[in-house]
Amino acid sequence: MSTGLRIRTIADADWDGIAALEAAVYTPLGLSEGRAALQSRAASSPGTCFVLDGGRGAAGYVLALPYPLFQCPDLSLGEASAFPSRNLHLHDLVIAEHLRGGGLARRLLRHLSATARSLTYERISLVAVGGSGTFWSAHGFAAHPDVPLPDSYGADALYMSKALPATAPPAQQAQQERQRG
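Here the structure is a predicted model, which means the values were calculated and not measured. (Residues numbered from 1 in each chain as written. Predicted model: local features only at pLDDT ≥ 70, side-chain atom pairs only at ≥ 80, totals over all residues. Heavy atoms only, no water.)

1. Side note on the environment of Q39
Part 1 of the argument: When you line up the elements, Q39 lands in helix α2 (residues 35–44).
Part 2 of the argument: Accessibility expressed as a relative area gives 27% for Q39, which makes it partly exposed. (Helix = DSSP H or I, 4+ residues; strand = E, 2+ residues; numbered from the N terminus. Buried < 20%, exposed > 50% of the residue type's maximum accessible area, 1.4 Å probe, protein only.)

If you want it as structure tokens, here you go:
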């Protein structure tokens, strides 16, 4: 099912598909931001925003931008510019409904984490919505229930974050050492 899918940076032609995916997931939750807000977030950090390219349009996407730790974008506002921060805020990660359950969200998260490490970010934060806290906890994110969130996220939203290792995982380090030596 996921054969032939590749992760790449977002191109202008991807926005119709990204906006449709976002609307399908977030409109029922009352959290849809619309295309202009999504594009403003991606424009503030294009090197940390990716599309899962299925060859016939976006099969998924991830939008992440530098944001101060324990803060998050207000869904009712777009982004004017990037914040200087060692924290990368994972704003959206969406997989097309017919492709869910096949590990593609993990794949996008691994890609984002590797990118964040290479750019020397120290943490990744997010706001879990729609009951997704369990998924994020399973991927190493810790809940911060005392962090206040904008009303635009709804009552059940939860701020979460995780530290990024400063170095490559041990298996990757060992492989790099073998290649050097």
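Now that the structure has been shown, we can carry on.
2. What to know about the packing of aromatic side chains
Part 1 of the argument: Under the criterion given, the structure shown has four aromatic pairs.
Part 2 of the argument: Pairwise contacts between aromatic rings join F135, W136 and F141 into one cluster.
Part 3 of the argument: Here the guanidinium or amino end of R86 rests over the ring plane of Y121, the centre of that ring lying 5.1 Å away. (Phe/Tyr/Trp six-rings, centres within 6.5 Å; stacked < 30°, edge-to-face > 60°. Lys NZ or Arg CZ within 6 Å of the ring centre and 35° of its normal.)

3. Examining the side chain of E22
Part 1 of the argument: By the element assignment, E22 lies in helix α1 (residues 15–26).
Part 2 of the argument: We note that E22 is buried and unpaired, the nearest opposite charge coming from R41 at a distance of 8.1 Å.
Part 3 of the argument: Excluding its chain neighbours within four sequence positions, the residues that come into contact with E22 are T27, L31, S32, E33, G34, L38, Y61 and D92. (Lys, Arg positive; Asp, Glu negative; His and termini not counted. Salt bridge = Lys/Arg side-chain N within 4 Å of Asp/Glu carboxyl O. Contact = heavy atoms within 4.5 Å.)

4. Observations concerning the state of the cysteines
Part 1 of the argument: The final tally for this structure, using the stated rule, is zero disulfides.
Part 2 of the argument: Of the cysteine sulfurs around C49, a residue in no disulfide, the closest is that of C72, at 16 Å.
Part 3 of the argument: Residue C72 is classed as buried on the basis of its relative accessible area, which comes to 10%. (Disulfide = S-S within 2.5 Å.)

5. Notes on the sheet that holds strand β1 (residues 6–9)
Within a beta sheet, neighbouring strands are joined by backbone hydrogen bonds and run either parallel or antiparallel to one another.
Part 1 of the argument: Overall, mixed pairing links the seven strands, which are arranged β1-β2-β3-β4-β5-β7-β6 in an open sheet. The open sheet has two edge strands, β1 and β6 (142–143), and neither has a second partner.
Part 2 of the argument: Of the pairings in the sheet, the one linking β1 to strand β2 (residues 50–53) comprises four bridges and is antiparallel in character. Within β2, the position partnered with T9 by the bridge is F50.
Part 3 of the argument: Sheet contacts for α1: β3 (58–66) and β4 (87–95); angle to β3, the most-contacted strand, approximately 85 degrees.
Part 4 of the argument: Contacts from α2 reach β3 and β4 within the one sheet, and its direction differs from that of β3 by about 60 degrees. (Pairing = 2+ DSSP bridges. Axes fitted to C-alpha atoms, helices over the stretch in contact; angles between N-to-C directions.)

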